[in-house]
Amino acid sequence: MLIMKKILSVVGITGGTFFLLVAAICVEEWFSDPAYAADMEISGLIMCIVLGIFGVILIVLGIQTLRLQKLYREYKEIAEASQDGFIPDMAAILSQPEDKVRRNLEKLCKKKYFNDAYVDNKAKLFVRKNQMNQKIGNPSFTKTVKRTDAELVTVKCKGCGGINKIQRGAVGECEYCGSPISGE
């Protein structure tokens, strides 16, 4: 799906540029060449303007789609690293305001970049269908708990920079390199 959207956005930008260019040439000819203007009449000028507006719309939609794809790639990585989907933790990782992260996640869900996902504003969670139980700590001594049993925090490993989830106040190991981490 992502590849198809990228193709459509590139086609939209390219096609929109073409339509805008044709419209600009047509309008320029209409104003500079009286014979051309007489042959084309006012309806031709209106058609050129409509073609130009259509071109601008295609360019804007193409650029918006490319921006959404970039946003999705950025948020997908954070959403996968965030086992509990706690939006304040995701916002801290992204160094962005919490409400901006929430709005972006809602937009990505609405545009179907995240299938089977939604934002729970009351609990401040980004919930994906496959996130019913959560894992806490290092896989070597991981236990499965329900979301309400423990408060998870996001910790960036000082050894390798990996993003880990660990219970607040707990001590564990980085799941990527084994360095000690703590959920302070």
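Below, the structure is looked at part by part. Computed from a predicted model, the values in this text were never measured in an experiment.

### Points about the pairing of strand β5 (residues 152-156)
Then step 1. Bridging between β5 and strand β6 (residues 163-167) involves 5 bridges; their strand directions are antiparallel. Bridge assignment links L152 to a residue of β6, and that residue is Q167.

### Quick notes on the packing of helix α1 (residues 2-32) against helix α2 (residues 34-81)
In helix packing, the relevant descriptors are the interaxial angle and the interaxial distance, both defined with respect to the helix axes.
Then step 1. Orientation of α1 relative to α2, taken along the N-to-C sense of each, is 155°, at an axis distance of 6 Å. Considered as vectors, α1 and α2 are oriented roughly antiparallel to each other. Judged by the sense of rotation from one axis to the other, the crossing of α1 with α2 is left-handed.
Then step 2. By residue class, the composition of the contact of α1 with α2 is 25 nonpolar, 11 polar and 4 charged.

### Remarks on the nonpolar core
Then step 1. Counting residues in each nonpolar core, the largest one holds 19 residues, and the members touching the most others are Y75, M90, V101, L105, L108, F114 and F126.
Then step 2. Mapped onto this core, the elements with two or more residues apiece are α2, α3 (87-94), α4 (98-110) and β1 (117-120).
Then step 3. Ranked by residues supplied to this core, first place goes to α2 with 6 residues.
Then step 4. Not counting the four nearest positions on each side in its chain, V101 is found in contact with Y75, I87, M90, A91, L94 and Q96.

### Quick look at the pattern of salt bridges
Working definition: two side chains of opposite charge can pair if their charged atoms are close together.
Then step 1. As enumerated under the stated definition, the model contains 6 salt bridges in all.
Then step 2. Residue E98 pairs with K124 through a salt bridge whose shortest N-O separation is 3.3 Å. Separated by 26 residues along the polypeptide, E98 in helix α4 and K124 in the loop between β1 and β2 (125-128) bring together distant segments of the chain.
Then step 3. Judged by relative accessible area, E98 falls into the partly exposed class, the value being 30%.
Then step 4. A single salt-bridge network, built from bridges that share partners, covers D84, D89 and K165.

Rules behind the numbers
Residues numbered from 1 in each chain as written. Predicted model: local features only at pLDDT ≥ 70, side-chain atom pairs only at ≥ 80, totals over all residues. Heavy atoms only, no water. Pairing = 2+ DSSP bridges. Helix = DSSP H or I, 4+ residues; strand = E, 2+ residues; numbered from the N terminus. Axes fitted to C-alpha atoms, helices over the stretch in contact; angles between N-to-C directions. Parallel < 35°, antiparallel > 145°, perpendicular 65-115°, else oblique. Left-handed = near helix turned anticlockwise from the far one by under 90°. Nonpolar A, V, L, I, M, F, W, Y, C, P; charged D, E, K, R; others polar. Core = buried A, V, L, I, M, F, W, Y, C linked by side-chain atoms within 4.5 Å. Buried < 20%, exposed > 50% of the residue type's maximum accessible area, 1.4 Å probe, protein only. Contact = heavy atoms within 4.5 Å. Salt bridge = Lys/Arg side-chain N within 4 Å of Asp/Glu carboxyl O.

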